[in-house]
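Fold and contact review
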Amino acid sequence: MSEIRRRDPRREWIARNRLHPEHLSVLAEQGVGAASEWLGPNGVVRKNPHAIGFIGPNGVKRIDRSGAQQGGQAAAEGTRAAQDSRRNVIIEAPAFLVAVVPELSGGRLSGHDKDLLGLARHLADADPEHPGAVLAVVFGEHKEDAFGEAGIDRLLHLDDDAYVGFAPEARLAALSAVERELAPRHWLLPDSPLGGADLGRRLALRLGERPATGVWQIEADGEAPLGWRCTARGAAESLDIQRPLPRVALALAECAEPVDETRHAAEPLSLAEAIPSALSRIEDLGQVAVDPAGVALAEAEFIVSGGNGVKDWDGFHHAAKVLGATEGASRVAVDDGFMARDRQVGATGTWVTARVYLAVGISGAIQHLQGIQSCDKVVTINLDPGCDMIKRADLAVIGDSAEILAALVAKVEQQRGGQRDAA
Ligand SMILES: Cc1cc2nc3c(=O)[nH]c(=O)nc-3n(C[C@H](O)[C@H](O)[C@H](O)COP(=O)(O)OP(=O)(O)OC[C@H]3O[C@@H](n4cnc5c(N)ncnc54)[C@H](O)[C@@H]3O)c2cc1C
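My aim in this report is to walk through the structure given alongside it, one point at a time. What you are looking at is a predicted structure, and each value in this text was computed from that prediction instead of being measured.

**Here we look at the pairing of strand 16 (residues 302-306)**
- Of all 5 residues in strand 16, 4 are buried, a share of seventy percent or more.
- With 5 bridges connecting them, strand 16 and strand 18 (residues 356-360) associate as parallel partners. Counterpart to phenylalanine 302 in the pairing with strand 18 is valine 356.
- Summarising the sheet, strand 16 and strand 17 (residues 326-329) pair through 4 bridges and their orientation is parallel.

Right under this line is the structure:
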């Protein structure tokens, strides 16, 4: 076959043009859409030097220093492209089950859940001759549609009013029924306050197991039949403790890499026997509203961040209040005295992980983009359609920040008024 490199001038042009809608998919074809930076298990940023850059017209690798390829959009496009090429895996007769109880914060698998499912896959796939299946037990309503991509083979969805809110006794009764009927080899829960920290400890007590908590790593321990050793944080996080992996493990975020090469069946499963109702001694009185201004930036789910393009700061604060968002800022806004230092987002401020990040009048300097790379959705308001924040954003509104925020506030208030009238 000819060794001559065939050029496609149009695709080369798209690869050079960062504003072209197909830019990222062309980069992904060239194998450079993958995330180039991620946080490792100890919070240290890891870099893949090969993931940076794209192949230029002469076959020479070019590096884009604007930061556009390091933003979450490039990573998300890369992930989407990778999902299309995932291998389908169906485990028909599993040798054993690994049960996972995800926290499903906001009705979707969280990053912590996906890490935990990655850990479950390690345990299930260790012996290719006798593979296990990953069973997820999901309580209440959810909005997730990618259970299979996260590595789940069997899905037990328990959607009953009894499990809504803080209902550890009802959930424990359900997990006990799963234990009786399916007897998973391992139980994995996220060791997070709102996730499995409480439920996992209750489950271990019910099963008569001593759980491993704060687990951040597991390793195979010896030859077949395979045993496992886990490493867990202990003594107020001052020590790493190693011990054989018990049946019940509560794991920290980043305990394993999420599944990204395979797509599993997520086959619905039900229990043969009815789950006995549990006598509840706990009454959930619902959630208490918190002042978003008091939420630490690193924990905030919805952030409205202001930069040098904000001219009406009273309007900005009012908008954040009406939207119920936590306030953040660029370094310029902080240096100019409009926002407190602890509100600065970015490399030298706080690294945030919000589900929605609204950047108002922020240009998208690399130091700022670094701080928002783990945010799910980025929305921006800016006058300049060519700025880097717009390239990073999932949704951009081009216009004056004060006018757009005022229109947004009016819309939200109108909608709330309509809902009040209807009630
Ligand atoms: C060592 C170092 C560390 C740094 N660390 C950080 C950090 O942690 N966090 C951080 O944020 N920065 C950091 N910076 C600073 C960073 O380089 C940028 O200078 C800063 O992020 C720019 O802030 P900005 O986007 O608000 O301002 P600008 O770059 O001035 O951008 C303002 C934006 O607002 C838009 N705009 C103007 N008027 C309007 C309007 N009326 N309506 C809508 N949009 C409008 C403009 O088009 C522009 O895009 C650091 C710099 C250095 C050197």
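**Section: the sheet that holds strand 19 (residues 377-382)**
- Reading across from one edge, 17-16-18-19-20 is the order of the 5 strands in this open sheet, with parallel pairing throughout. Two strands bound the open sheet, and with one partner strand each, they are strand 17 and strand 20 (395-398). Direction aside, the axes of adjacent strands within the sheet are offset by 20 degrees on average.
- On top of the sheet, helix 7 (residues 313-323) reaches strand 16, strand 17 and strand 18; it is set at about 175 degrees to strand 16, its chief contact.

**Re the packing of aromatic side chains**
- If you walk through the whole model with that rule in mind, you get 3 aromatic pairs.
- Considering the side-chain rings of phenylalanine 139 and tyrosine 163, the 5.0 Å spacing of their centres and the 55 degrees angle between planes classify their relative orientation as tilted. With a gap of 24 residues between them, phenylalanine 139 in strand 7 (residues 133-139) and tyrosine 163 in the loop between strand 8 (154-158) and helix 5 (168-182) connect regions that are remote in the sequence. Of the two residues, phenylalanine 139 and tyrosine 163, neither departs from the other in class, the shared state being buried.
- Their ring planes at 15 degrees and their centres at 5.1 Å tell us that tryptophan 313 and phenylalanine 338 sit as a pair that is stacked.

**With respect to the nonpolar core**
- Ranked by size, the top nonpolar core spans 31 residues in total, and within it Phe147, Leu188, Val215 and Ile218 carry the most contacts.
- Mapped by element, the contributors of at least two residues to this core are strand 6 (97-100), helix 4 (111-125), strand 7, strand 10 (212-221), strand 11 (227-234) and strand 13 (248-251).
- When residues of this core are assigned to their parent elements, the largest contribution, 6 residues, is made by helix 4.

**Some points on the site of the ligand**
- Neighbouring residues of the ligand: 25 residues in total, closest Ser330, Thr348, Ser363, Asn382 and Asp400.
- Glutamine 344 is positioned with one of its side-chain polar atoms (N or O) 2.9 Å from an oxygen atom of the ligand.
- One nitrogen or oxygen atom from the main chain of valine 345 is found 2.8 Å from a nitrogen atom belonging to the ligand.
- Coverage of the ligand by the protein chains reaches 73% of its 980 Å² of free accessible surface.
- Those elements that provide at least two residues to the shell around the ligand are helix 8 (331-335) and helix 9 (366-371).

**Details of the environment of alanine 173**
- Mapped onto the elements, alanine 173 comes out in helix 5.
- Residue classification places alanine 173 among the buried positions, given a relative accessible area of 12%.
- Distance in space between the C-alpha atoms of alanine 173 and alanine 278 is 6.2 Å, their sequence separation being 105 residues.
- Setting aside residues no more than four positions away along its own chain, alanine 173 makes contact with Ile275, Pro276 and Ala278.

Conventions and cut-offs
- Residues numbered from 1 in each chain as written.
- Predicted model: local features only at pLDDT ≥ 70, side-chain atom pairs only at ≥ 80, totals over all residues.
- Heavy atoms only, no water.
- Buried < 20%, exposed > 50% of the residue type's maximum accessible area, 1.4 Å probe, protein only.
- Helix = DSSP H or I, 4+ residues; strand = E, 2+ residues; numbered from the N terminus.
- Pairing = 2+ DSSP bridges.
- Axes fitted to C-alpha atoms, helices over the stretch in contact; angles between N-to-C directions.
- Contact = heavy atoms within 4.5 Å.
- Phe/Tyr/Trp six-rings, centres within 6.5 Å; stacked < 30°, edge-to-face > 60°.
- Core = buried A, V, L, I, M, F, W, Y, C linked by side-chain atoms within 4.5 Å.
- Near = heavy atom within 4 Å.
- Polar contact = N/O pair within 3.5 Å; in protein donor to acceptor, adjacent residues only side chain to side chain.
- Areas by Shrake-Rupley, 256 points an atom, 1.4 Å probe, with all protein chains shown as cover.

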